[in-house]
Amino acid sequence: MPSVEVPLFSLDPSALLLLQLLLPPTSAFFPNIWSLLAAPGSITHQDLTEEAALNTTLQLLLEHPPPAGRLPLRVEDFLGGTLLADDLFAAYFGPGSPSRRFRAALGEVSRANAAQDFLPASRNNPDLHFDAERLVQGRIHLVGALHDTLVAARASDYTLARQRLGAALHALQDFYSHSNWVELGEQQPHPHLLWPRQELWSLAQAEEATCSDCEELSCTGNMLDFVLLTSGYFGTHPPKPPGKCSHGGHFDQSSSQLPRGGINKDSMSPRFSPHHMLHRQAAEIARLASIEAFGLLRSRLGDSSFSRLLDITPASSLSFVLDTTGSMGEEINAAKIQARHIMEQRRGSPMEPVYYILVPFHDPGFGPVFKTSDPDNFWQQLNEIHALGGGDEPEMCLSALELALLHTPPLSDIFVFTDASPKDAFLTNRVESLSQERRCRVTFLVTEDPSRVQGRARREVLSPLRFEPYEAVARASGGEVIFTKDQHIRDVAAIIGESMAGLVTLPLEPPAIVPGRPCVFTVDRLLQNVIVRLHGDISSFWVKSPTGLSQGHEEGMGPLGHTHRSGQFWMVTMTDPPPIGMWEIHIIAEGSPRVRVQAQTSLDFLVYFGVPLENGPHPGLYPLAQPVAGLQTQLLVEVTGLVSGDPQLHFSHVVFRRVPEGTQLGQVPLEPVGPPERHLLAASLPPTLLSTSAPFSLELIGQDAEGRDLHRAAPQPCTVAPVLLELSGPPGFLAPGSKAPLSLQITSFLGPQDLHLRTSLHPSFPLTSNLSRARLGLNESAWGCLWLEVPDSAAPDSVVMVTVTVVSRGTGPVALTHAFLRLLVAAQTSQDQLRDAAASQDEFVAPAYSAGPVPTPAAPAFHPSTLVTHGRAEGVTGDKAWWRTVAGVLFLLGLAFW
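Worth saying up front: this structure is predicted, and the values here are computed from it rather than measured.

**Examining the overall build of the protein chain**
- When its secondary structure is counted, the protein chain shows 16 helices and 36 strands.
- Looking at the 898 residues of the protein chain, the share that counts as buried comes to 59%.
- Contacts in the protein chain between residues at least 24 apart in sequence constitute 74% of all its contacts with a sequence separation of at least 6.
- When the accessible surface of the protein chain is totalled, it reaches about 34,200 Å², and 54% of it is carbon and sulfur.

Structure below.
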């Protein structure tokens, strides 16, 4: 998508009419779809966010010509129905174009939005929800979060940008539910809410009464007759002054104090929302305001960067990690050939890579990272890479791979070329977890040839297990390790082009080769370009189709497709269309041969986890990065690639398997959640799966309209974490020269566990912690504080990644989990710059956060059990003065024009 800077976005009457025609009636503001179990008929923050994003995306696509051969979009084709991501992608990019990355980006924004109601640092802060008449303060946070979104996007960290965007949209939407804007008769968004220099109009003063007493669940006339802007108080902090409105609802303690009742419009349920009758009006305005916020971001970022913010593309990124020692000449040339082929083949097409990333390494160095969206710049940089020098056999491969993971967009493939084992094997677990957090698949192309000695000195006998770290990372990321030799690397490297085509991996039964037993996989009518890859010490193999035809290992064209061999690597490309049904692969081999079957399809799925919270003011699904041992967890499956009008597909259950053994751990039925056109399914994870910390794979099973089987496998395994690990920091950006407090919470739902903590930081800024060990029993928690020092030399508009690793040594095998936190470093804007920016309305502006004393540890995010207590923790590092100032908190610097 070309970068186009457009004028300041505003909603003219015709645009408003168009948007209202496109959007079905809504009624907002519980966190996510799971909330509908408590308040049926309500539409959530998630719905508002995704509808606004889809409408802005449609506006963008209407203004840009589609790829060659495609007809322009027509707005009338989308009127009168529900606007869906899969329909948009099929209409603009063509049938079969994968929408998985776009759906995943929308999910990131929506989950960040919903998390504001659950996270300890945000759920009870009135400034983040426009509660307690904190309207001016709420706007400061709203504008600050939008500013962070812009800076993070311009720093190309779109994950952080989506997190801050979700926080901003939550506050924006809450304004219309928690204030009396709707009660004042307004039908459009507040014209000044997103503009810092404009006043919010007449605000109710501290001494002015705003509500009358209401004893009923529904409070239709409890607002006093006045034209001042106010919002409801929630709970006891801050306490509600006499005569002021409450938020209201069953869980609001302030609503039992005179005047009783409340004014929130969060849901259609009078149990939660005293002004439920105004729910739809508030939601409609909040939706238009969310569209306005997306439009503002688009105008500030330009269409190219905005498209990356929401991943409005079916393409992924191309990421290379290259060993540059003297023995790597053939491998580097193979990478160049494949990169050139991809650039020439896909230039200007929908599948042109979004980014090109290159990270070189040797011993002892690695990096720097080269990242560009310009294929010519990438080719120039890649062409300057040559195999130089030598050294001992181990190299800094995992350090380079970690850099690549930090800079590669999610849901991408990373290809590592090397002929050496890792010198930094201690990074294996962290790289495994980072690959899962980024959802990136890592494939190692290893030219391991023990007979070759030139170009690399070897001073000791090499262990046959030295490549195990690569196997572990590949297994955790859903990738693979392919061993080959110099003379075959160019042919083997052709898998790069296949992977960039967006292929899915088909599940095999059994998942690993069992002597004398065939591997079975299922082909359905939605699959094409089926490819079978085999490598290892294979003497023969044959593939058998559902029609009874077979094709052996001989090279060339056969009855089922084309077979190509490169040393111990075979690739069989099936002729389209492949016969539908059960296929078999028979193998005769020594050792442990590898088999992988991939195919092209639009039908795929995304996986999320969460814990249902039913007893609270905002019931919903508390999002988890991964399931936690001992904690009852819900699985959410989001099916992608189903276009309106396609024959009905039904997905019945999921199958869980232990990794890497492949033994079945059980299966659970799936139930639809929310509107059927959303294709969301849910299931409870079986307790046996959560009884120990271990990885597992997930397969989605369904049937098509004719009752034939559909099988899809999750791209990478999931891991059950030994403890719930939550890491949080200040919501704004960090200024060079500042010291920022971070808070850490660990909760165990199994016990007892001895926990050891490690911290790391990229880049390597000073980081101290008061918690290094903890012993936790069942349902016990420990809290810790960390201090991050940002040096004066820190680069503005850069991102810091904090990693906390917890190693559990309980009654079972050693287990570990990681928490990742992204923080934005930006130069602190001077007061004059703030005033000028606000006066010109040329930018979202917000102050940096200055570090004060360490905050008081937050309360647990939720209580799955009634017994959550403090465990025993030990601290070994940090400033002793922290404990003398635990009552201190962060404060926000005011904007100059206030």
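So much for the structure itself; the text now carries on.
**Overview of the state of the cysteines**
- Within this structure, the stated rule accounts for two disulfides.
- Across the disulfide from Cys211 sits Cys245; the S-S distance is 2.0 Å. Between Cys211 and Cys245 the disulfide shows an S-S torsion of about 95°. By sign, it is right-handed. Taken together, the positions of Cys211 in the loop between helix 6 (158-178) and helix 7 (279-301) and Cys245 in the loop between helix 6 and helix 7 put the pair 34 residues apart, joining distant regions of the chain. The same class applies to Cys211 as to Cys245, namely buried.
- The side chain of Cys214 participates in a disulfide bridge whose partner is Cys219; the two sulfur atoms lie 2.2 Å from each other. A torsion of -95° about the S-S bond marks the disulfide between Cys214 and Cys219 as left-handed. Residue Cys214 shares its accessibility class with Cys219, and that shared class is buried.

**Section: unusual backbone geometry**
- With omega at 5°, the peptide bond leading from Val659 into Pro660 counts as cis.
- With a phi close to 55°, Phe130 is a non-glycine residue in the positive phi region.
- Looking at the secondary structure, you find Phe130 in the loop between helix 4 (100-115) and helix 5 (135-154).
- Located in the positive-phi region is Leu411, a residue other than glycine, with phi close to 60°.

**As for the sheet that holds strand 17 (residues 634-640)**
- Taken together, the five strands give an open sheet; going across it, the order is 16-15-17-21-20, and neighbouring strands pair in antiparallel fashion. Edge strands, defined here as strands with exactly one partner in the open sheet, are strand 16 (620-624) and strand 20 (671-672).
- Relative to strand 21 (residues 680-684), strand 20 is paired through two bridges, and the arrangement is antiparallel. Bridge assignment links Pro672 to a residue of strand 21, and that residue is Leu681.
- This element, helix 4, spans strand 15 (604-613), strand 16 and strand 17 of the sheet and lies at about 10° to strand 15.

Calculation criteria
- Residue numbers here run from 1 along each chain, matching the order of that chain's written sequence.
- Since the coordinates come from a predicted model, pLDDT governs what is reported: local features require at least 70, and pairs of side-chain atoms require 80 or more to be given and counted, while whole-chain, interface and lining totals use all residues.
- No hydrogens and no water enter the side-chain calculation; it runs on all heavy atoms of the structure.
- In this description a helix means any DSSP run of H or I spanning at least four residues, a strand means any run of E spanning at least two, and both kinds are numbered starting from the N terminus.
- Buried means the residue's accessible area, taken with a 1.4 Å probe over protein chains only, is under 20% of the maximum for its type, while exposed means over 50%, and partly exposed covers the values in between.
- The contact criterion used throughout is that any non-hydrogen atoms of two residues lie within 4.5 Å.
- For the area figures, the Shrake-Rupley method with a 1.4 Å probe applies, and any residue is considered shielded solely by the protein chains shown.
- Two cysteine sulfurs form a disulfide in these notes if their separation is within 2.5 Å.
- Each pair of strands is called paired provided DSSP finds at least two bridges between the two strands.
- Fitting a line to C-alpha atoms yields each axis, with helices limited to the stretch in contact; the angle taken between N-to-C directions then spans 0 to 180 degrees.

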